[in-house]
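The residues making up each chain are set out below.
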Amino acid sequence: RASGGSAASPRGSLTVQLDRPDIPSADSVTYPYPTGARSMELYGTLPAFPDDPLAAAYNGQAVLSAAQLANFDQVSLKSRDQIVFKDDLSLSVRGRLLLDTPAIVLADGSTVSLDAQYVGLGYLDPLHQDAAPAPSAGQGQLAVHAGLIDLMGRFALSGADQAELSSDGDIR
């Protein structure tokens, strides 16, 4: 459990990166490295820990809760494939919140609220800008409030029928 600092002192930063190397096309060498999709899942309340966290079904997944992330001033989350909000979630970070992924997905009907001085949404990888999937419809709601909001690169917002971006400064 991460904690520390106070309302007046810094509480540190957290960066979680769920990536995979670019592996050349198949040739005579067998690559044992897992190449499946990378999915970062965010929950309002952390689900029960799986019986076998090393099972192949969990390969390429990271599971985090809003409570774990709220203990930091700066939070940077990067997933090569998608960041999924699995249920209702409210996340407030005192400083910077960055979601770096080609797909932001809201589970159907979830309500997600993000609040920080700075929020960055999008995909920063210049070599994989074509990775953004086509967005899909849903019943989720996303509300982002920040002093400054950056929309970066190509990314898809899926599972939402409403997205509200509210900035005290600029949205760029």
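Each remark here, short or long, concerns the structure printed above.
Residues numbered from 1 in each chain as written. Predicted model: local features only at pLDDT ≥ 70, side-chain atom pairs only at ≥ 80, totals over all residues. Heavy atoms only, no water.

**Q** Pulling in residues and values, what's your account of the sheet that holds strand β2 (residues 39–43)?
**A** With parallel pairing, the 5 strands of this open sheet are ordered in space as β3-β2-β5-β8-β11. Two strands in the sheet have a free side with no partner beyond their single neighbour: β3 (61–65) and β11 (156–158). Each neighbouring strand pair of the sheet contributes to a mean axis angle of 15 degrees, computed without reference to strand direction. The pairing of β2 with strand β5 (residues 82–85) spans 4 bridges and is classified as parallel. Across the sheet, residue L42 finds its bridge partner in β5, namely F85. (Pairing = 2+ DSSP bridges. Helix = DSSP H or I, 4+ residues; strand = E, 2+ residues; numbered from the N terminus. Axes fitted to C-alpha atoms, helices over the stretch in contact; angles between N-to-C directions.)

**Q** Provide a residue-level description of the pattern of salt bridges, including the pertinent values.
**A** On inspection of all chains with the given rule, the structure shows 3 salt bridges. Ionic pairing is found between D19 and R80, a salt bridge with its closest N-O pair at 3.3 Å. With D19 in the loop between β1 (13–18) and β2 and R80 in the loop between β4 (74–79) and β5, the pair connects residues that are 61 residues apart, well separated along the chain. Residue classification places D19 among the partly exposed positions, given a relative accessible area of 25%. (Salt bridge = Lys/Arg side-chain N within 4 Å of Asp/Glu carboxyl O. Buried < 20%, exposed > 50% of the residue type's maximum accessible area, 1.4 Å probe, protein only.)

**Q** Kindly report on the pairing of strand β8 (residues 103–106), identifying the contributing residues and their values.
**A** A two-sided burial pattern is seen for β8, the buried positions comprising A103 and V105 on one face and I104 and L106 on the other. Relative to β8, β5 runs parallel, the two being bridged by 3 bridges. Opposite F85, over in β8, you have L106 as the bridge partner. Both β8 and β11 contribute to a ladder of 3 bridges, which runs parallel. Its bridge partner being in β11, V105 is matched across the sheet by S158.

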